[in-house]
Every structure is written in C-alpha cells, then in structure tokens.
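Letter by letter, the chains look like this.
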Protein chains: 2
Amino acid sequence: MADKVNIAVDAMGGDNAPAEVVKGCIEALEQAPGLKISLVGIEDKVRAELSKYTYDPDRIEVIHASEVIEMAEPPVMAVRTKKDSSLVRCMYLVKEGKCDALVTAGSTGAFLVGGQIIVGRIKGVERPPLAPFIPTLNGRCLLLDCGANVDARPSQLVQFAKIGSAYVRKACGIDNPRVGIVNIGAEEEKGNALVKETFPLLKATPEINFIGSVEARDIPYGAADVVVCEAFVGNVILKMYEGVGTALMKSMKEAFMSSTKSKIGALLAKPALKKTLKQYDTNRYGGAPLLGCNGLLVKTHGSSKSAPICNSILQCKLFADQNINNDIKEMFSISSDI
Amino acid sequence: MADKVNIAVDAMGGDNAPAEVVKGCIEALEQAPGLKISLVGIEDKVRAELSKYTYDPDRIEVIHASEVIEMAEPPVMAVRTKKDSSLVRCMYLVKEGKCDALVTAGSTGAFLVGGQIIVGRIKGVERPPLAPFIPTLNGRCLLLDCGANVDARPSQLVQFAKIGSAYVRKACGIDNPRVGIVNIGAEEEKGNALVKETFPLLKATPEINFIGSVEARDIPYGAADVVVCEAFVGNVILKMYEGVGTALMKSMKEAFMSSTKSKIGALLAKPALKKTLKQYDTNRYGGAPLLGCNGLLVKTHGSSKSAPICNSILQCKLFADQNINNDIKEMFSISSDI
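Computed from a predicted structure; not experimentally measured.

Our focus in this paragraph is the domain arrangement of chain A. Residues and elements named next belong to chain A. Its domain assignment divides chain A into domain 1 (5-125 + 292-334) and domain 2 (133-279). Taking only C-alpha atoms into account, the centre of domain 1 sits 25 Å from that of domain 2. Residue-level contacts link 15 residues of domain 1 with 13 residues of domain 2. Each partner contributes to the roughly 1300 Å² buried at the junction of domain 1 and domain 2, and carbon and sulfur atoms together form 63% of this total. Seen at the junction of domain 1 and domain 2, the total is one salt bridge. Asp-327 is the salt-bridge partner of Lys-170, the closest N and O atoms lying 3.2 Å from each other. At the boundary of domain 1 and domain 2, one finds four residue pairs in polar contact (both at pLDDT 80 or more).

Written out as structure tokens, the structure is:
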C-alpha cells in the first residue's frame, strides 16, 4: 500500500447523494490525516457540493462520470451498459490499483455484480460474502453472508468463516475470534441440510476457532465474534435487527410522550439513553464490506447520511492500513483445497 | 365440541413444573367459565401444588402419569419408550377425543414428534407447522413455520399459508388476512430457490389473500397478518425478536440506572413504558400451536411461568369454541390437490 490510502467514493449513490456523500468525505478527511479521496460523479454537481466546505484540494480528486445507476435498475444490465456511471468508474479505479477501496450507498445489486465481474475475486475465493458488523451487548459481531449469495454451498460457508476470521482479527484486534454457525438449536445434530453438512467441515478447519452452533437469540448478546450463515438467513438477521430495534424505539418514544410525567422522565433519562442507543446503531462501524475481492468494497445503506459515509471511508482506511486483504490472500494460498 | 372445553395440560413439562403449570391452570379456570382441565403428571406432586389453591374439583381432573420426558432426551425415542409420561398421556387424551387440546412447556422435540405420530395430521396436511403469534406495532402476526419442518418444500409453504389464513380469520377476527412470504427484497424475482418456486404457487392459490414478499424488517411493523417461511428462517425470526428485544431492554435498564437523574426519569416514565413493553411480550398471545393436527397442540416456552401457561390454555379454549380445526379441515377437503 502507498503512504496515503486512496478511497474511491461513489458521489451519486444513495438517496441523499451527492450532498451527504460529499459531506461524509469532508468529515472523513478531517478525521484521518493519511487519506485521499477520489470523488466520482457528475462533476458540476459534485463541485457545487464541495464548494460549501473548506478542504485541502490535494486530498480530494473529482473524477467525472456522466451516468448514474438507479436503485431499481436490473444490476447486471446496469453494470454492463453504464460504463461511465459513478459506481462502475469507482470499480475500475480499484481494479486498476489507482484506489485501495471504494464506498457506495448506491444499488446493492450493482455493487455485488460489479464487485465480482469488474474488481474480481481473490484467487481461491468462491463467492465473496457481504459482511457487516452488527452491534452486540459488549461489542460487535461480523455476520456473513448477508445477501451476496443465495443458496450457498457448505464449502462457501467454510470460506466465509476463514475470511471473517482474518478480517475480525485485525479490524477488532481479536487474536482468536470465536466463529459460530447460525442454527436453530445448540446441539450438533440440529439444523437444516446445509448446516448439518457444513458443521463437520467447520470443525475440521484448523485456521478458525469454531465454537459450534449459535442461536439467533444469542447473537445480540455477543455469543460469537464471527457468525456464518447463508445469505437469506443473514439478510433476515440483519433486517430483524433493524426492524425490531426501530419498532421498539418508536413505541418507547410514543410511551415517553403519552403523559406529562413520562415526558419529564424522558427528559431526565435522555442523555443516558442516547449513549446506550448509540451502541445499537448499525451504522457506527461503517457499511457492509464485500470481502474476498481484489480491494475492499464497502456498501452503506441507501438512506445513509454523512456519518455512515464517513465511517465507511474510515473503515476502508483501517482495512488498507492493516493490509487485511493480504491476510485473506495468505489464508487461501495456504489451503486452497477447501 | 362439547359444552365444556376440556384441555389436557402437561403438569411436568418445563423448567418451572409442576408449580407454575398448576398455578397457570388455576388462573385459566378463574378466567374462563366453560373450561375443564385434565392435569397430567406425577399425582402426589400435582396434588401437593393444587392443595395451595381453592378451586372447583369438578373442573380439574388429575391424571397420574409416572414418567417425565426430559428436555435433553432424543425426542423420537422418548415418545416411543415413555408411554406413561405426562406428555404422551396428554397426546393420547387428545387423540382419543377425551380432550380438545393440549398445552405443554416441555421438550419441543417430543411435542413435535408426538403431535405427528400420536395425534396425527388432518387429512391432506403434509406437515403441520409450528405457528406462534409475534407482536407488531399495531397488533400481531402469525409466523409459520417456526421450527417444525426443516428443509420444507414449496407445496408445504402453500399449505402453511392456507392453514394460517384459516386460523387468523377466526382467532383475530380478520376476514381476509394478508399473507406474505419472507424474502430478502420486495421484488418478485428476488429470493432463494425455495421462495422463487413458492411465489407463483401462492399467487395461484385462491383461498388466500397473497400480498407478495415481506422483508424481515417490516414484520415488526405489521406488514402482513400471516407470514410464511421455512422453519429455519421462522425460527431465526422468532429468536431474533426475542434476542434483540431483551438485549435492548437490558441496555436500557442499565442506562436508566447509570445516574441519579436517569433513575428519577425512569421512575416517572415507568408506568407508560411498562404498558408499551407489554405489547411486545411474545407470551401474551399464548404459546405456539402445531396447526393441522387432529386437535390443537400448544407448546409454550420451557421457562414459562404461570401467565403464559394460562394464556395458552385460554388460546386453546378459543380455538375449540370457534371450531377452527373444522375450518382447516374444510380447506383441505375442498382443494386437497395442492
């Protein structure tokens, strides 16, 4: 890696682009000195947003891209035909080694397709998993796969466990991360066909610290550092996390507002509650990386404001600084037989 | 159905048996006049608990069963060999028509096995699903299957939709319940192989009001009245509901206790919050019924105290009073071709 880490940012991706994306870039530059950003999008729109801020022009390069991939477009077609879209241009910047990583809040489908067909996989990696951190009572847990590969095979889940372990080791500084497989009971004989077939393979993988089955209920309590499952299940876990959390918060707010007494109570408890709820913000660790590609690709929520964009850029910086992709590559060069 | 509804209750099932089970029965008798209970278990233990209460002896019959199926026992073996266990005796009471329904907080595995091999399925039902209600922002939603059948087939998911619709129609008084399938996106072309294959079948089922895909995130917001999915996914949804809810509550309690100011705030807001949180109590609608058997079989949480036992008994009473099984039977006699 170069002295300076260079991150490609899709200025046109997401519901709040380009305003919040540009704001997030400025925030990231302020927080991380050794960082450069290639801001890719419709140049005059991007520059109009940039003009609102004071920044070191040597640290932001604006790269013009005339097209935008919309959220609803069929992904494969979009990536193939919109060669001059901001997302595809970002992908090529990473592929050609001009940037170390990319961040987008745009179409997930196009992101997944572009990652695989433009940037490409690390040799030996069958299917790159989408791997967000989810908050737990005492930290965080890496959940993979969360949506990249439906109908996964056991060998792929084993790869997810290895890739996830390499990532968590450096990103969280946990030497021997505990790897669990999502299951509907704690016993080894429980589970569907995929889990039953994968379980013994994980047990026989020396590079990981496999602790067995993890029930969904125990994930928020921090039962494992790395949790593997097929994409359909991972997506359900992530979305339930979001749905239950926000629904519960909505009800609590209504309860707080229901009487004068409870309103005063809310005011008094607010600072303490705010601090706690921040722990459960799924955006605080950045977006969801697609791990196992030749470069780091991070997808943040389509509704991202500046904070998750900024966090995702900082996440890429950490990833590049610590050369995490090298660890993943090494893992697959040693045992490419799985 | 008889004038009086007779419910078999497994007095020895669950972590708090027989004390809380017996207490729950007494509470149910107080709330529902037209109810009789057959309390099955080790007679002297059951009578010792019963002696703590005043009740009409004509409404509780104690039936001795000398054995108890433990939580960790292999279910098939347990059901086959422990013929005089409280759970197996309850199953036979339903099978022989002596009771209309049964409630147990005991082993889920033995409950599922016993339901299928002792009580038996309604003609035409391939696989009875486990179908708990989960709370939503403005009501509740029936989730099936939640753990009875791993690796389900599309035709089974269609049956779940029909059975669930019949149940919700009467249990919730919703004429035309909205049926959704759990998916990882709202579009029809999204999903894994099972969902893609099931989607058109659901669309072509005239007996149900199919509204399409439902993302896990939208379930707590009440996106559908009946939600179908394979057991592995349903179990993950149910457990995430529980896990995220309780973890969040634990953190909030700690936040409330973190300073004098927040403690006072908590005291003031407590009544309003308590009312809200009660809405999210997964036990308030009773346990999870195994639908599509010849009689209603309800499983409550192994850690159940008296309230969920009582609610489950009342749930069975409603089910029997409204003759819901007849509706399910009719649905399958009309179109047994699916």
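On to the packing of aromatic side chains, then. Residue and element names in this part refer to chain A. All told, the structure shown has six aromatic pairs over all chains when counted by the stated rule. A network of ring pairs unites the aromatic residues Phe-133, Tyr-167 and Phe-319 as a single cluster. Against the face of Phe-332 rests Lys-162, its NZ or CZ located 4.7 Å from the ring centre.

Glancing now at the relation of the copies chain A and chain B. When chain A is fitted onto chain B, the two copies agree to an RMSD of 0.0 Å after a turn of 180° and an axial shift of 0.0 Å. Expressed as a symmetry operation, the mapping of one chain copy onto the other fits a two-fold axis. For chain A, the smallest separation between a C-alpha atom and the rotation axis is recorded for A:Gly265, amounting to 1.7 Å.

Let us now look at a positive patch on the surface. Residues and elements named next belong to chain A. A grouping of Lys-253, Lys-270, Lys-274, Lys-278 and Arg-284 is seen on the molecular surface, where their side chains present a positively charged patch. Looking at the positive patch, the element that brings in the most residues is helix α9 (residues 260-279), giving three residues. Counting through the fold element by element, Lys-270 comes out in helix α9. Judged by relative accessible area, Lys-270 falls into the partly exposed class, the value being 48%.

Turning our eyes to something else, we now look at the interface of chain A and chain B. One widely used convention gives an interface's size as the accessible area the parts lose upon coming together. Residue-level contacts link 50 residues of chain A with 50 residues of chain B. At the boundary of chain A and chain B, one finds four salt bridges. Here B:Arg217 ties to A:Glu242 by a salt bridge, and the two come within 2.7 Å at their closest N and O atoms. Among the secondary structure elements, those contributing two or more residues to the side of chain A that touches chain B are β7 (178-183), α7 (193-203), α8 (231-256) and α9 of chain A.

Quick look at the packing of helix α4 (residues 86-95) of chain A against helix α5 (residues 108-119) of chain A now. Residue and element names in this part refer to chain A. Taken N-terminus to C-terminus, the directions of α4 and α5 make an angle of 35°; their axes are 10 Å apart at the nearest point. Viewed along their axes, α4 and α5 form a crossing whose handedness is right-handed. Judged by residue contacts, Leu-87, Val-88, Met-91, Tyr-92, Val-94 and Lys-95 of α4 engage Ala-110, Phe-111, Gly-114, Gly-115, Ile-118 and Val-119 from α5. For the contact of α4 with α5, the class distribution of residues is nine nonpolar, two polar and one charged.

Residues and elements named next belong to chain B. Examined against the element boundaries, Ser-304 turns out to sit in the loop between β11 (296-299) and α10 (306-321). A relative accessible area of 6% means that Ser-304 is categorised as buried. Ignoring sequence-local partners within four residues, the contact set of Ser-304 consists of Asn-16, Glu-20, Ala-105 and Ile-309.

On to the pattern of salt bridges. Following the criterion strictly, the structure yields 28 salt bridges over all chains and no others. Note that A:Lys98 and A:Glu96 form a salt bridge whose closest N and O atoms lie 3.2 Å from each other. According to the relative accessible area criterion, A:Glu96 is partly exposed, its value standing at 47%. When salt bridges that share partners are traced, they join A:Glu215, A:Arg217, B:Lys239 and B:Glu242 into one network.

A:Leu39, A:Ile313, B:Leu39 and B:Ile313 are the most contacted members of the largest nonpolar core, which totals 242 residues. Of all the elements, helix α8 (residues 231-256) of chain B adds the most residues to this core, at 14 residues. If near-sequence neighbours (up to four positions away) are discounted, B:Ile313 is found in contact with B:Ile7, B:Val9, B:Gly24, B:Cys25, B:Ala28, B:Leu35, B:Ile37 and B:Val103.

Cis geometry marks the peptide bond from A:Ala17 to A:Pro18, where omega comes out at -5°. The backbone phi angle of A:Asp151 is positive, close to 55°, even though this residue is not glycine. Inspection of the secondary structure assignment puts A:Asp151 in the loop between β6 (139-144) and α6 (154-171). In this structure, B:Asn323 is a non-glycine residue whose phi angle is positive, near 55°. With respect to the element layout, B:Asn323 can be found in the loop between α10 and α11 (324-334).

On to the environment of A:Asn16. Residue and element names in this part refer to chain A. Inspection of the secondary structure puts Asn-16 in the loop between β1 (5-10) and α1 (19-31). Residue Asn-16 is classed as partly exposed on the basis of its relative accessible area of 23%. Taking C-alpha positions, Asn-16 is 13 Å from Ser-107, a pair spaced 91 residues apart along the chain.

What follows is about the side chain of B:Thr136. Mapped onto the elements, B:Thr136 comes out in strand β5 (residues 133-136). Those residues in contact with B:Thr136 that lie beyond four places of it in its chain are B:Cys141, B:Ile219, B:Pro220, B:Tyr221, B:Gly222 and B:Tyr241.

Let us look at the sheet that holds strand β4 (residues 101-104) of chain B. Residues and elements named next belong to chain B. Spatially, the six strands line up as an open sheet ordered β3-β2-β1-β4-β11-β10, and their pairing is mixed. Two strands in the sheet have a free side with no partner beyond their single neighbour: β3 (60-64) and β10 (288-290). Each strand of the sheet is rotated relative to its neighbour by a mean of 25°, with strand direction disregarded. Sheet topology places strand β1 (residues 5-10) next to strand β2 (residues 35-41); six bridges connect them, and they run parallel. Bridged to Asn-6 within β2 is Lys-36.

What counts and how
- Residues numbered from 1 in each chain as written.
- Chains lettered and ligands numbered in written order.
- Predicted model: local features only at pLDDT ≥ 70, side-chain atom pairs only at ≥ 80, totals over all residues.
- Heavy atoms only, no water.
- Domains from an automatic or database assignment.
- Contact = heavy atoms within 4.5 Å.
- Buried area = accessible area lost by both parts, 1.4 Å probe.
- Salt bridge = Lys/Arg side-chain N within 4 Å of Asp/Glu carboxyl O.
- Polar contact = N/O pair within 3.5 Å; in protein donor to acceptor, adjacent residues only side chain to side chain.
- Phe/Tyr/Trp six-rings, centres within 6.5 Å; stacked < 30°, edge-to-face > 60°.
- Lys NZ or Arg CZ within 6 Å of the ring centre and 35° of its normal.
- Least-squares fit on C-alpha atoms with pLDDT ≥ 70 in both.
- Patch = residues over 30% accessible without salt bridge, like charges linked within 9 Å, V, L, I, M, F, W, Y side chains within 5 Å.
- Areas by Shrake-Rupley, 256 points an atom, 1.4 Å probe, with all protein chains shown as cover.
- Lys, Arg positive; Asp, Glu negative; His and termini not counted.
- Charge placed at Lys NZ, Arg CZ, Asp CG, Glu CD.
- Helix = DSSP H or I, 4+ residues; strand = E, 2+ residues; numbered from the N terminus.
- Buried < 20%, exposed > 50% of the residue type's maximum accessible area, 1.4 Å probe, protein only.
- Axes fitted to C-alpha atoms, helices over the stretch in contact; angles between N-to-C directions.
- Left-handed = near helix turned anticlockwise from the far one by under 90°.
- Nonpolar A, V, L, I, M, F, W, Y, C, P; charged D, E, K, R; others polar.
- Core = buried A, V, L, I, M, F, W, Y, C linked by side-chain atoms within 4.5 Å.
- Pairing = 2+ DSSP bridges.

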